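Residue-level structure breakdown
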Amino acid sequence: MSETVGYIGLGDMGGAMSETLTASYDLVVFDLSDEAIAKLVEKGARAATSGASLAAECTHISICVPDDTAVMEVVSGTDGILASCRPGTSIAVHSTVHPDTIRDLHVLAAEREVILFDAGVAGGSWAAREGSLVIMLGVPEAGISELARDVIDKCAGAVFEGGGIGAGMAMKVAFNVMTYFQQAALSAAYQIVVGEDSDPEMLLEGWRHVGQLGKLTERFYPLVSMPPEAKGGPLGSYLATTIGIAEKDLDLAVNLGLESGRRMPVVEAVRDSMRLVYGMPKS
């Protein structure tokens, strides 16, 4: 408990990871939502008044905010954490962003003797609470600190080193392509079976028998089978946020393909169908 660890971004994934870390570290947290901070304080974390104040007292900082713009603002914005970080601090970016965002911020951080690297996370908030996430690293030439590795290991069931800085994030984008394709396939298959008055539960059993139905996809099934009228209120707001994240992640995949000279029309089609996949009306 001697090392102070910080966590910025306490949404679905960040909040769950932070809960796991409170058992092992003096954990300081920050989020734009006072309610999200309060939940973690109840679990044993300490609240920071800003990202900058958090950075001033932490040896390692994890970041899990929505997108590239938010990551850039947290790290290098007007009140960003780099200005407050002490030399030797490590920063793990868990947000799904463009690999170039990681590379650019890694260079900025190095100028202050701070090590920033990518640590893409996958598996869902339930896996974060179990400490069984898949974490995909982009590892700098000098490696990462013992504390940074320990923080990652506390949340992970499996850690994969994708290569140098940015490579872990490329792996995460690719991982998400498979996740969302499986969701789209399950949604389409469900509509076929139900439309022909067949039993979707039997279809699930068939998939289980041959190993086609993984944990993530099976956890998605209740949403597919839920009637549209049940997807209102807080659940509807949560699903709208989740769909927005899916569209953002798939757009990243499309752009990475274009940048390497490979157009990805199938990825574009799934990206543009995510509201339908989740059984939500078009906005």
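Residues numbered from 1 in each chain as written. Predicted model: local features only at pLDDT ≥ 70, side-chain atom pairs only at ≥ 80, totals over all residues. Heavy atoms only, no water.

Things to note about the overall build of the protein chain
Basically, it comes down to this: A run of H or I in DSSP becomes a helix once it reaches four residues, and a run of E becomes a strand once it reaches two; helices and strands are each numbered from the N terminus. Only C-alpha atoms enter the radius of gyration, while the globule expectation follows 2.2 Å times N to the 0.38, with N the number of residues. Think of it in three bands: with a 1.4 Å probe and only protein chains considered, a residue is buried below 20% of the maximum accessible area for its type, exposed above 50%, and partly exposed in between. In what follows, residue pairs with any heavy atoms lying within 4.5 Å of each other are defined as contacts. For accessible areas, the Shrake-Rupley method is used with a probe of radius 1.4 Å. Any residue's cover is judged against the shown protein chains and nothing else. A positive count includes Lys and Arg, and a negative count includes Asp and Glu. His and the chain ends are not counted in either. A charge is said to be at NZ when it belongs to Lys, at CZ for Arg, at CG for Asp and at CD for Glu.
On a plain count of helices and strands, the protein chain comes out with 13 helices and eight strands. Scaling as 2.2 N^0.38, a compact globule of 283 residues should have a C-alpha radius of gyration of about 19 Å, and the protein chain matches this with 20 Å. The C-alpha extent of the protein chain, read off along each of the three principal axes, is 65 × 45 × 35 Å. In the protein chain, which comprises 283 residues, the share counted as buried stands at 49%. Sequence-distant contacts in the protein chain: of pairs separated by 6 or more residues, those separated by 24 or more amount to 65%. In the structure as shown, the protein chain presents an accessible area of about 13,400 Å², 55% of it carried by carbon and sulfur atoms. For the protein chain, the centre of its 20 positive side-chain charges and the centre of its 37 negative side-chain charges are spaced 2 Å apart.

Side note on the packing of helix α8 (residues 167-195) against helix α10 (residues 215-225)
For clarity, the threshold we go by: Axis lines are fitted to C-alpha atoms, over the contacting stretch for helices. Their N-to-C directions set the angle, which ranges from 0 to 180 degrees. When an angle is under 35 degrees it counts as roughly parallel; over 145 it counts as roughly antiparallel; between 65 and 115 it counts as roughly perpendicular; any other value is oblique. Crossing handedness: left-handed means the near helix sits turned counterclockwise from the far one by under a right angle, and right-handed means the same turn made clockwise. For this classification, Asp, Glu, Lys and Arg are treated as charged, while Ala, Val, Leu, Ile, Met, Phe, Trp, Tyr, Cys and Pro are nonpolar and the rest, including Gly, are polar.
The N-to-C vectors of α8 and α10 enclose an angle of 40°; their axes lie 10 Å apart at closest approach. Taken together, the axes of α8 and α10 lie oblique to each other. Crossing angle aside, the handedness with which α8 passes α10 is right-handed. The segment α8 lies against α10, with Phe175, Thr179, Gln182, Gln183, Leu186, Ser187 and Tyr190 engaging Leu216, Thr217, Phe220, Tyr221, Val224 and Ser225. The residue inventory of the contact of α8 with α10, partitioned by class, reads seven nonpolar, six polar and no charged.

What about the pattern of salt bridges?
Heads up, the condition is: The salt bridge criterion pairs a side-chain nitrogen of Lys or Arg with a carboxyl oxygen of Asp or Glu, the two atoms within 4 Å.
For the coordinates displayed, the defined rule picks out twelve salt bridges. Residue Asp251 pairs with Arg271 through a salt bridge whose shortest N-O separation is 2.7 Å. Of this pair, Asp251 sits in helix α11 (residues 233-259) while Arg271 sits in helix α12 (residues 265-271), and the two are 20 residues apart along the sequence. Several salt bridges share partner residues, and in doing so they unite Asp26, Arg46 and Glu57 into one network.

Re the packing of aromatic side chains
This is how it is decided: A pair of aromatic rings is counted whenever rings of Phe, Tyr or Trp (Trp by its six-membered ring) have centres within 6.5 Å, and the orientation is called stacked for planes under 30 degrees apart, edge-to-face for over 60 and tilted otherwise. We count a charge as sitting over a ring when the NZ of a lysine or the CZ of an arginine lies within 6 Å of the ring centre and within 35 degrees of the ring normal.
Overall, the coordinates contain two aromatic pairs when judged by the stated rule. An angle of 70° between the planes, with centres 5.0 Å apart, marks the rings of Phe220 and Tyr278 as edge-to-face. Of this pair, Phe220 sits in helix α10 while Tyr278 sits in the segment after α13 (274-277), and the two are 58 residues apart along the sequence. As far as burial versus exposure is concerned, Phe220 and Tyr278 are alike and both buried. Arg219 extends its terminal NZ or CZ atom over the ring of Trp126, reaching a point 3.9 Å from the ring centre.

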